[in-house]
Amino acid sequence: MKAITIPEPGEADALVPADVPTPEPAQGQVRIRVGAAGVNRADVMQRKGFYPPPPGASEYPGLEVSGTVDALGEGVDGWQVGDEVCALLEGGGYADYVCVPEGQVLPVPSGVSVEDAAALPEVVSTVWANVFMTANLMPGQTLLVHGGSSGIGTMAIQLAREVGARVAVTAGSAEKLEACRTLGAEVLVNYREQDFVEVLRAATAGAGADVILDNMGAKYLARNVDALAVNGRLVVIGLQGGAKAELDLGKLLRKRAAVVATSLRARPASEKAAIVAAVREHVWPLVESGRVKPVIQSRHPLGEAAAAHQELEASGHIGKILLLP
Ligand SMILES: NC(=O)c1ccc[n+]([C@@H]2O[C@H](COP(=O)([O-])OP(=O)(O)OC[C@H]3O[C@@H](n4cnc5c(N)ncnc54)[C@H](OP(=O)(O)O)[C@@H]3O)[C@@H](O)[C@H]2O)c1
């Protein structure tokens, strides 16, 4: 089969299409003939050599795919050859075929094409696990999403809106903020021109955000703590602004607030399966009703994965970028 390999970490041209052995499904795994693969910021980190695959995972990049079940490992009872599915992976999605534990597989939601379904597993699982399972966002509360127009952000806005929360976002351009508004964000902050702490306070009568979903890490830590409401929860999922910063525990203590940092990829298969099951129960009905949609910026042939990475890194996109084998 064809896969995108990374012989040496580096810039986008480090992604090299190659002929590699087709993987065989192990016990409890299904093999998917890939129809489309989602491109994630984590894939860029892996390409640069900063985010190696966990032990036992495929060495090829790609954390989510959609396609058709093509072979079953021993003991698989939830899926059949020919099923149209999408899946959350530990790696290996940039390929013609990929194997994945059956608990990380979801049916393609009705009303969504097989191709478009590749835009769902990673963002939906990340948002559900962090904003709802970990931070317990409730109706009527305020969620601040940094990078509101990102793949993650476009899904976080829609899901928070659906549970009846109020959504505030940061983004770097008026066009991106307008896209966030269309998806349901009510408080729009252009972080290049405005201070999100001030805008949040003004928009919440001084209260701040109950939950913050953060992609920036160190650079935003102090201001995120300032922007948190009493009992607020800051969930850090990205370190685009660095990993080390000073945390004022006094401010956290006075607010009875929490800071959590998580990675989906590093979780064991059993935890991923629990998240995927919760997604199927809580999010899939919203997608099947048409209320929540994958937001897709562009599609590239698998062999042009380098161009897809350049597009992601240029950061002009809104939503997801897909690769098509
Ligand atoms: N921990 C996990 O399990 C997990 C899982 C999935 C994703 N993630 C993380 O979630 C983040 C989003 O992932 P993605 O794949 O959706 O990435 P993406 O589409 O490439 O989005 C990255 C976003 O960062 C924004 N950004 C850059 N500088 C910013 C700043 N100073 N303030 C606010 N936003 C800024 C960019 O928007 P502007 O142009 O507006 O700056 C862009 O929308 C990444 O950090 C990724 O690593 C974590």
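Position numbers for residues start from 1 in each chain and track the written sequence from start to end. Confidence filtering applies because this is a predicted model: local features only for residues at pLDDT of at least 70, side-chain atom pairs given and counted only at 80 or more, and all residues used for totals across whole chains, interfaces and linings. Note: side-chain values were computed over all heavy atoms of the structure, leaving out hydrogens and water.

### A few points about the nonpolar core
What makes a nonpolar core is a set of buried Ala, Val, Leu, Ile, Met, Phe, Trp, Tyr and Cys residues whose side-chain atoms join them at distances within 4.5 Å. Burial classification: accessible surface area is computed with a 1.4 Å probe over protein chains only, and a residue below 20% of its type maximum counts as buried, one above 50% as exposed, and the rest as partly exposed. Grouped together as the largest cluster of nonpolar side chains are 48 residues, with contacts concentrated most on Leu159 and Trp284. Per element, the largest residue contribution to this core is seven residues, and it comes from helix 2 (residues 121-134). Any pair of residues with heavy atoms lying within 4.5 Å of one another is described as a contacting pair. What Trp284 contacts, discounting residues up to four positions off in sequence, is Cys86, Leu106, Pro107, Pro109, Leu120, Val124 and Val279. With 25 residues, the next largest nonpolar core counts Ile4, Val69, Val85 and Ala308 among its residues. Under the scheme used here, helices are H or I runs from DSSP no shorter than 4 residues and strands are E runs no shorter than 2 residues, and both carry numbers assigned from the N terminus.

### Describing the environment of Asp226
For Asp226, the location among the structural elements is in helix 6 (residues 218-227). Asp226 sits 34 residues away from Arg192 along the chain, and the two C-alpha atoms are 18 Å apart. Asp226 has contacts with Val197, Arg201, Lys251 and Lys255, leaving out every residue within four places of it along the chain.

### As for the side chain of Lys320
Mapped onto the elements of the fold, Lys320 is located in strand 15 (residues 320-324). Given a relative accessible area of 3%, Lys320 falls into the buried group. Whenever two N or O atoms come within 3.5 Å, that pair is a polar contact, provided that in protein one can donate a hydrogen and the other can accept it, and provided that, for residues adjacent in sequence, both atoms are side-chain atoms. One polar contact links Lys320 to Asn40, side chain to side chain, over a distance of 3.0 Å. In this structure the side chain of Lys320 is engaged in a polar contact, spanning 2.5 Å, whose partner is the side chain of Glu64. Non-local contacts of Lys320, meaning those with residues more than four positions away in its chain, are made with Val39, Asn40, Glu64, Ala119, Val123, Gly151, Val295, Ile296, Gln297 and Ser298.

### Description of the pairing of strand 11 (residues 209-214)
Among the six residues of strand 11, six are classified as buried, and the element is accordingly described as predominantly covered. The criterion for strand pairing is that DSSP finds at least two bridges linking the strands in question. As defined by bridge partners, strand 8 (residues 142-145) adjoins strand 11 across three bridges and the pair is classed as parallel. Looking at strand 11, one finds that Leu144 is bridged to Ile212. For the handedness criterion, the strands are oriented away from the viewer, and a crossover whose path from the first strand over the helix to the second runs clockwise is classed as right-handed. Handedness of the strand 11-helix 6-strand 12 (residues 228-236) crossover: right-handed.

### Points about the site of the ligand
By convention in this text, a residue qualifies as near a molecule or strand provided that one of its non-hydrogen atoms is within 4 Å of it. In the vicinity of the ligand there are 26 residues, among which Gly172, Lys176, Tyr191, Tyr220 and Gln240 approach most closely. Within the backbone of Ile152, a nitrogen or oxygen atom sits 2.9 Å from an oxygen atom of the ligand. Within the side chain of Asn215, a nitrogen or oxygen atom sits 3.1 Å from an oxygen atom of the ligand. For the ligand, the protein covers 91% of the area, taking 900 Å² as the surface of the free molecule. Only helix 2, helix 3 (151-162) and strand 9 (166-171) provide two or more residues apiece to the shell around the ligand. Considered class by class, the residues forming the shell around the ligand number eight nonpolar, 15 polar and three charged. Each accessible area is a Shrake-Rupley result for a 1.4 Å probe, and residues are judged covered by the shown protein chains and nothing else. Side-chain classes follow a simple rule in which Ala, Val, Leu, Ile, Met, Phe, Trp, Tyr, Cys and Pro form the nonpolar group, Asp, Glu, Lys and Arg form the charged group, and the remainder, Gly included, forms the polar group.

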